[in-house]
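One letter stands for each residue in the lines below.
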Amino acid sequence: MKSVGFIGWRGMVGSVLLDRMHKENDFVKIIPHFFSTSQSGKHGPIINNVPFKKLKDAYNINLLKEMDIILTCQGGSYTNTIYSKLRENHWKGYWIDAASTLRMKDDSIIVLDPINLKNIEKSLNDGIKTFVGSNCTVSLMLMALGGLFSSNLIDWISVSTYQAASGAGAQYVIELLKQMGALYNIVSEDLSNQSCSILNITKKVTKKIQDDDFPLKYFPVPLAGSLIPWIDINMGNGQSREEWKGQFETNKILGYKNKVVIDGTCVRISSIRCHSQSFLIKLNKNISLKNIEEIITNHNKWVNFIPNTIDETISKLTPSAVTGTLKIPVGRLRQLSIGNRYVSAFTVGDQLLWGAAEPLRRMLNLLINI
């Protein structure tokens, strides 16, 4: 069995990964080793009802070199510090990474096996050793629209994303909940007073959001009761890096040379978990909605088509309906009035599962079965 080193297993993505591995009984297939950047020597997780007694130093190159596979959810700064040192010290093992640092490198493959298994298998035969998870919205888009991509039906996509606070990390979720609590506390008595004006209540909420003492340690501006129409850095042309990833990561996953144009606006919203996306899709030929539905539905076993009705949409196409599941519902499918080849669609997916942990878990299983 292969020795697998885990780094960053306490974070949101790492915790979801370990939970999935427990559920799928993956740990019986490997010899796990747990590393820490700050608590080496202390107790680790419980694996198969057995406590992992001593965490290893995640910065110890000699210990890391003993691993056949390293899987890290620690973040880009750790990858920047360790990855090149390992390779310079002639480590020949497999590196699996949740961070974006190595995604676009020529000697790495972005992994999403229901979409690009053939590319992954070819890369393994070619000696590639570095495998990186995709951007969360890119993974969820490809899982939802994989049938249209594999059938070469897409000319371009304009997308608007609605991304949960947890996409930014655990501290951001905590801060959002603190913001929600602060807003409730300021009007809790008014809410129980039926004679209190809703206008006065909303004025109090607005004033609290704008107060200097509103919880804002991590978010640059308030999210509760609001939204943030910018995610990640400016690419210099008015496009955010999160928006840039849509086209360039998608084309790399599919093995294209910028064949499909994808752009849009990425927005942070105040949901806790799950990213939603609204697509305007330009098809390259006329095709009926029924055929589009069949192509989408038949692509993979996780996608779930939602009829474009009010009841089905509001009950099944929301973050609250999808959180904690591997389901990828796709709905709101319709032809647009601007032309027969223009269709809209809407999808929701748990960005901590298919958007992050699950592709890494599945890549690990591909490697341990080599």
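Being a predicted model, the structure only gives us computed values, none of them experimental.

1. Re the overall build of the protein chain
- Secondary structure summary: the protein chain contains 12 helices and 15 strands in total.
- Against the globule reference of 21 Å for 370 residues, the protein chain gives a C-alpha radius of gyration of 22 Å, in line with a compact fold.
- Taken over the C-alpha atoms alone, the protein chain extends approximately 70 × 55 × 45 Å along its principal axes.
- Counting only residues that meet the buried cut, the protein chain has 49% of its 370 residues in that class.
- Considering only contacts within the protein chain whose residues lie at least 6 apart along the sequence, 69% involve residues at least 24 apart.
- On the protein chain, roughly 17,600 Å² of surface is accessible, and the fraction owed to carbon and sulfur atoms is 51%.

2. Quick look at helix H4 (residues 113–125)
- Over its 13 residues, H4 extends only 16 Å from the first C-alpha to the last, a length that falls short of the 18 Å expected when each residue adds 1.5 Å.
- Of all the bends found along H4, the most pronounced is centred on Asn 119 and spans about 35°.
- If you check which residues of H4 are buried, you get Asp 113, Pro 114, Ile 115, Asn 116, Ile 120 and Ser 123.
- Tucked into the core, H4 has its buried residues touching strand E8 (108–111), strand E9 (130–133), helix H5 (136–150), helix H8 (241–254) and helix H12 (353–368).

3. Structural notes on the side chain of Arg 20
- Among the secondary structure elements, Arg 20 is positioned in helix H1 (residues 12–23).
- Separated by 2.8 Å, the side chains of Arg 20 and Glu 358 make a polar contact.
- Contacts of Arg 20, omitting those with residues within four sequence positions, involve Asp 26, Leu 326, Leu 353, Glu 358 and Arg 361.

4. Structural notes on the state of the cysteines
- According to the stated counting rule, one finds zero disulfides in the structure shown.
- With no disulfide of its own, Cys 266 lies closest to Cys 136 among cysteine sulfurs, the gap being 8.8 Å.
- In this structure Cys 274 is a free cysteine whose sulfur lies 11 Å from that of Cys 136, the closest cysteine sulfur available.
- Cys 274 sits in the buried class, given a relative accessible area of 0%.

5. Some words on the sheet that holds E8
- The seven strands are arranged E5-E2-E1-E6-E7-E9-E8 in an open sheet whose pairing can be described as parallel. The open sheet has two edge strands, strand E5 (56–57) and E8, and neither has a second partner.
- Sheet topology note: the strand E1 (residues 2–7)/strand E6 (residues 69–72) ladder contains four bridges and is parallel. Paired with Val 4 across the two strands is Ile 69, which belongs to E6.
- Across the sheet, H4 touches strand E7 (94–97), E8 and E9, and the angle it forms with E8 is around 155°.
- Most of the contacts of H12 go to E7, to which it runs at about 165°, and overall it touches E1, strand E2 (30–36), E6, E7, E8 and E9.

6. Details of the UniProt feature "active site" (unreviewed entry) in the protein chain
- The sites that carry the UniProt feature "active site" (unreviewed entry) are, in the present numbering, Cys 136 and His 275. The largest pairwise C-alpha distance within this set of annotated residues, which runs over 140 residues, is 8.1 Å, so the set is compact in three dimensions.
- Mapped onto the elements, Cys 136 comes out in helix H5.
- Discounting chain neighbours no more than four positions away, the residues touching Cys 136 are Gln 163, Glu 242, His 275, Gln 351 and Gly 355.
- The residue His 275 is located in strand E12 (residues 275–283) in this model.
- Overall, the relative accessible area of 1% leaves His 275 in the buried class.
- When residues no more than four places from it in sequence are discounted, the contact partners of His 275 are Cys 136, Thr 137, Leu 140, Tyr 162, Gln 163, Ala 164, Gly 167, Arg 268, Thr 347, Val 348, Gly 349 and Gln 351.

Definitions and cut-offs
- Residues numbered from 1 in each chain as written.
- Predicted model: local features only at pLDDT ≥ 70, side-chain atom pairs only at ≥ 80, totals over all residues.
- Heavy atoms only, no water.
- Helix = DSSP H or I, 4+ residues; strand = E, 2+ residues; numbered from the N terminus.
- Rg over C-alpha atoms; globule rule 2.2 N^0.38 Å.
- Buried < 20%, exposed > 50% of the residue type's maximum accessible area, 1.4 Å probe, protein only.
- Contact = heavy atoms within 4.5 Å.
- Areas by Shrake-Rupley, 256 points an atom, 1.4 Å probe, with all protein chains shown as cover.
- Expected span 1.5 Å × (residues − 1).
- Bend = angle between axes of the 7 residues up to and from the residue.
- Polar contact = N/O pair within 3.5 Å; in protein donor to acceptor, adjacent residues only side chain to side chain.
- Disulfide = S-S within 2.5 Å.
- Pairing = 2+ DSSP bridges.
- Axes fitted to C-alpha atoms, helices over the stretch in contact; angles between N-to-C directions.
- UniProt positions renumbered as here; feature names shortened; annotations may be inferred.

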